[in-house]
Amino acid sequence: MKRRHLVGGLAAATIASPFVRSAYAQAPLTLNGAVQFNDDHAFNKTLLKFEELVKKYYGKPINFTLHRNSSLGLEKQYFEYMAQGKAVDYGIVSPAHMSTFSKAAPFIDAPFLFRDLAQWNKVLDGDMLKPIADEIAKKADVMLIGYAGGGVRNIFVNKPVSNLAEIKGLKVRVQGAPIWSKTFAAVGMSPTVIAYNEIYNAIQNNVISAGENEAAGVETMKFYEVAPNLAMTEHAITIRPVCFSGKTFKTLPKDLQEAVLKAGKEAGAYGRQVESSEDEQKLVALEKAGKLKRIPFKDRAEMKKLADPVMAAYAKEIGADGIFGQIVATN
């Protein structure tokens, strides 16, 4: 009698096992994201919107883990992880950190590329950057599925500066892509590449005198504590691609792939609206709190004239002169 129960139990287990394996195989997938900043930053809000939209469009159980506050390193590392298909599946990365894989990538975010936010939005909505996105997808196996950003970048300095004469020889931290050093040198400054998380200490220790960033970065990293003067050069409007690992994407079911692409585009547009609208609010709040002083920059037009030939030459060098011409012609 006991033997029959044992055999019956084994048979039941044998019959049930395929269903157990099937249920396990269909357990919700987890996608891992990464962001350098805290919950209040526009990038974090953009990636949370991406998660919300993927869940909405996919309509099936799926988990997301967003690693905040540089817990997985910095954006350069995130991009490398996505290229390898390890640790990070999605994130927001500055184009400057993609230059190892694509010379054209930093052009997406180059200084003095856009006249204003209206032109910037037309370029993004018109998908003019697609040839560069295609190159990045091919060479790095990382997909640019949306475009966030929208912060206007200015120079934070440990002393007041308001014209070209006063920034001559200024030791300023710039991003690693060559175009940043070339354009800043062309307008008379002394650019140097320093890791983002080392800027504060570098200014504090007089290794450099300045850096450049949008309002969200200045606020989050507390750069105003060591460089309370913000020269309003308005030299760049950020574009921060929402990136997704190509290796991860290829493993996803087709309906999830479609949800990721749709959500990426919409989350990017949401992120642009958030950051561009928050920019002024953050600067006003910092000024009211006595933490920062905005200084009008009188020679912005002259600065752009000095940088334009460098931009044109760079665009030709990397084969992006066609895109550059389209952007310049955009009204």
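Residues numbered from 1 in each chain as written. Predicted model: local features only at pLDDT ≥ 70, side-chain atom pairs only at ≥ 80, totals over all residues. Heavy atoms only, no water.

Asks: Outline the overall build of the protein, listing residues and values.
Replies: Each helix and strand in the protein was counted, giving 13 helices and nine strands. Considering only C-alpha atoms, the protein reaches an extent of 100 × 45 × 30 Å along its principal axes. Expressed as a percentage of the 331 residues in the protein, the buried residues total 50%. Considering only residue pairs separated by 6 or more positions, the protein has 77% of its internal contacts joining residues 24 or more positions apart. Carbon and sulfur atoms make up 55% of the accessible area of the protein, which totals about 15,200 Å². Put simply, the protein has 42 plus and 34 minus side-chain charges, and the middle of one group is 6 Å from the middle of the other. (Helix = DSSP H or I, 4+ residues; strand = E, 2+ residues; numbered from the N terminus. Buried < 20%, exposed > 50% of the residue type's maximum accessible area, 1.4 Å probe, protein only. Contact = heavy atoms within 4.5 Å. Areas by Shrake-Rupley, 256 points an atom, 1.4 Å probe, with all protein chains shown as cover. Lys, Arg positive; Asp, Glu negative; His and termini not counted. Charge placed at Lys NZ, Arg CZ, Asp CG, Glu CD.)

Asks: Outline the pattern of salt bridges, supporting the account with residue identities and numerical values.
Replies: Taken as a whole and assessed by the stated rule, the structure comprises 21 salt bridges. The partner of Glu52 in a salt bridge is Lys49, and the shortest N-O contact between them spans 3.3 Å. Of this pair, Glu52 and Lys49 both sit in helix H2 (residues 42-58), three residues apart, which is roughly one turn of that helix. The closest approach of N and O atoms between Lys304 and Asp308, which form a salt bridge, is 3.0 Å. (Salt bridge = Lys/Arg side-chain N within 4 Å of Asp/Glu carboxyl O.)

Asks: Let's hear about the environment of Asn63: which residues, and what values?
Replies: Positionally, Asn63 belongs in strand E2 (residues 62-67). For the pair formed by Asn63 and Val88, sequence separation is 25 residues and the distance between their alpha carbons is 14 Å. When near neighbours in sequence (up to four residues on either side) are disregarded, Asn63 contacts Pro28, Leu29, Thr30 and Leu31.

Asks: Which residues make up the nonpolar core, and what are the values?
Replies: If you look at the biggest cluster of nonpolar residues, it comprises 61 residues, and the most contacted ones within it are Phe107, Leu129, Ile136, Met189 and Ile327. Among the elements that line this core, the one with the most residues is strand E4 (residues 142-157), at six residues. Among residues more than four places away in sequence, those in contact with Ile136 are Phe79, Met98, Ser102, Ala105, Ile108, Asp141, Val142 and Leu144. Counting 44 residues, the second largest nonpolar core, distinct from the first, contains Leu53, Ile194, Leu230 and Val260. (Core = buried A, V, L, I, M, F, W, Y, C linked by side-chain atoms within 4.5 Å.)

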